Amino acid sequence: MRTITIANGLSVSADAARPPTVVSTDQAPTPRRVSYDGQDYTMRRPQIHVGINERVEAGQVLFSDKKNECLRVLSGVSGTVASIDLGARRSLQKLVVKVDAPVDNDGYPLPESVVTGLNSTHGNDIRAALVAAGLFHPFRTWPFNKTPTPDSSPRHIFVTAMDTNPYAADARAVLDARKDYFRTGLEIISKLTEGSVYVCQAPGEPLVDPLPAKVVSIGFKGPHPCGNTGTHIQAISPVSREYVVWSIDYQEVIAIGEAASTGRFSGNRTVSVYSVLSGHQYLISSLIGADLHSQLGLSTDHSKVRYWSGNPYTGGYADYLGRFDRQVFVMGPDQHSRQPDAGLLQKARFRGSTR
Amino acid sequence: VTPLTNETVPLLRALICGDMETAEACGCLRFSAEDIQPLSVLCGGQFDFRELLQSCHRKIEDELSASSS
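Rules and cut-offs
Residues numbered from 1 in each chain as written. Chains lettered and ligands numbered in written order. Predicted model: local features only at pLDDT ≥ 70, side-chain atom pairs only at ≥ 80, totals over all residues. Heavy atoms only, no water. 1 Å grid on protein atoms, 1.4 Å probe; cavity = no way out; pocket = protein on both sides within 12 Å on 5 of 7 lines; lining within 4 Å. Points joined across faces, edges and corners; volume = space filled by probe spheres on them. Helix = DSSP H or I, 4+ residues; strand = E, 2+ residues; numbered from the N terminus. Nonpolar A, V, L, I, M, F, W, Y, C, P; charged D, E, K, R; others polar. Contact = heavy atoms within 4.5 Å. Buried area = accessible area lost by both parts, 1.4 Å probe. Salt bridge = Lys/Arg side-chain N within 4 Å of Asp/Glu carboxyl O. Polar contact = N/O pair within 3.5 Å; in protein donor to acceptor, adjacent residues only side chain to side chain. Buried < 20%, exposed > 50% of the residue type's maximum accessible area, 1.4 Å probe, protein only.

(A) Representation of empty space enclosed by the protein within the structure. Residue and element names in this part refer to chain A. In the structure shown here, the tally under the stated rule is three cavities of 30 Å³ or more. Taken as a whole, the largest cavity holds about 150 Å³ of empty space. Taken together, 16 residues make up the lining of the largest cavity; nearest its centre are Tyr-36, Leu-74, Gly-76, Phe-265 and Ile-288. Listing elements by their share of the lining of the largest cavity, those giving two or more residues are strand 4 (33–37) and strand 8 (68–74). Split by residue class, the lining of the largest cavity holds eleven nonpolar, four polar and one charged.

(B) Representation of the interface of chain A and chain B within the structure. Counting residues at the interface gives 28 residues for chain A and 28 residues for chain B. Roughly 2,600 Å² is buried in total at the junction of chain A and chain B, and carbon and sulfur atoms are behind 56% of that figure. Among the residues of chain A in contact with chain B, Arg-44, Phe-144 and Arg-241 of chain A are the three that bury the most area, contributing 27% of the side total. Linking chain A with chain B are five salt bridges, by the criterion used here. Across the contact surface, chain A and chain B share seven residue pairs in polar contact (both at pLDDT 80 or more). Of all the elements, helix 6 (residues 229–236) of chain A adds the most residues to the side of chain A that touches chain B, at four residues. Among the residues forming the side of chain A that touches chain B, the class breakdown is ten nonpolar, twelve polar and six charged.

(C) View of the pattern of salt bridges. All chains considered together, the criterion is met by twelve salt bridges over all chains. The residue Lys-146 of chain A makes a salt bridge to Glu-61 of chain B at a minimum N-O spacing of 2.7 Å. One end of the pair, Lys-146 of chain A, is in the loop between strand 12 (140–142) and strand 13 (157–161); the other, Glu-61 of chain B, is in helix 4 (residues 49–68), on a second chain. With relative accessibility at 23%, the residue Lys-146 of chain A sits in the partly exposed group. Salt-bridge contacts for Arg-323 of chain A lead to Glu-252 of chain A; the nearest nitrogen and oxygen are separated by 2.9 Å. Of this pair, Arg-323 of chain A sits in the loop between strand 21 (316–317) and strand 22 (327–331) while Glu-252 of chain A sits in helix 7 (residues 250–262); the two residues are 71 residues apart in sequence, bridging distant segments of the chain. Each member of the pair, Arg-323 of chain A as well as Glu-252 of chain A, carries the same accessibility label: buried. Each member of the salt-bridge network shares a partner with another, and the members are Asp-249, Glu-252, Arg-269, Arg-323 and Arg-326 of chain A.

(D) Here's a closer look at unusual backbone geometry. All names here are of chain A. Backbone torsion omega between Asp-209 and Pro-210 reads 0 degrees, so that peptide bond is classified as cis. Take Pro-210: it is sitting in the loop between strand 14 (197–201) and strand 15 (215–221). Following His-224, the chain continues into Pro-225 via a peptide bond in cis, with omega recorded as 20 degrees. Here Pro-225 shows up in the loop between strand 15 and helix 6. We note that Asn-53 has phi near 70 degrees; this positive angle belongs to a residue other than glycine. Positive phi is not limited to glycine here, since Arg-90 has a value of about 55 degrees. Of the residues examined, Arg-90 reaches a relative accessible area of 63% and is grouped as exposed.

Coordinates in, geometry out; function isn't part of it.
In structure tokens:
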């Protein structure tokens, strides 16, 4: 396997660079509420398909983008729409569903036509099935970092299977029991492009062996941001206005593989939790957009504990897990810094030639 | 700090000024929000480069779609 070393970046303290030691993933309890944050989806003109107090079933379309028919967001739970917050120029801020039925850990069943489409050999059928299942919007185009439009086709697809953010989970630990789904997912997405599918991972053995056709595994070594998708694309195949590639997170590839293999959509994602208060790190399997207070089973009193969803740089204080967030920090009420660990960047020193 | 460009400071300056041509020449198309946000944290100013980058991307995208139609 080819390994690329990145010299520039931020070095963080050894504690922060170490992935969680507890690798067994526990299923978090059913959330009381699930939130869909409009900012997680790159919508130009949102169209909301449900109303307040309306009953929604798992798999029902909640909202979509009028400008891009590939962007459809489906409810992962059954319940009632509790609130819809609109922002400036009728942009969607947040849609909250109050859960009233237990959530099946294996997800909800997908229509037969979707499963047939996912197992098809034609790229267009696969794309239509992914859109119908709500599994297409996690793809991102580079440049512009948005959900691809129906007529676009990528030169290559990049699968990000590493994370160098402080306190992030190790992809190998997450993938351990789901390698078959990951391989199936890679086989499916490789049919969406004429080029290659690059699996960008930490150095070492390839995450799946043997790799499917057209799939190339590449190792990245170095300080943060060497685990960011932008760094991988820049090192392998830099983008321009005309040269477009797609990227996707490895947990979304697992979800695609699982949908094709079992015929069910699973909204569970493995999330790394770090408590700033106790210093404990662990992994949980949590539902997309889940209410963090009920998921982590900690105090619901905001004066005692607050949550930070996302990585220390791009995340923020939140009550719900973000759509693409894979990290949660448990913080005390007196920590009003912009980052979960205020000392993290003070300890960091600059490397490289730019400063 | 970032491996994406050797012209970090000119890029940030162009984003603040809204100078799309310079920003593109400095490699703004290679960046996403997660790549540029650490620079907001490290920069002494109070600029949200994520917001500025998104605005720059939107303008370039609109320009592209206008030229293609």
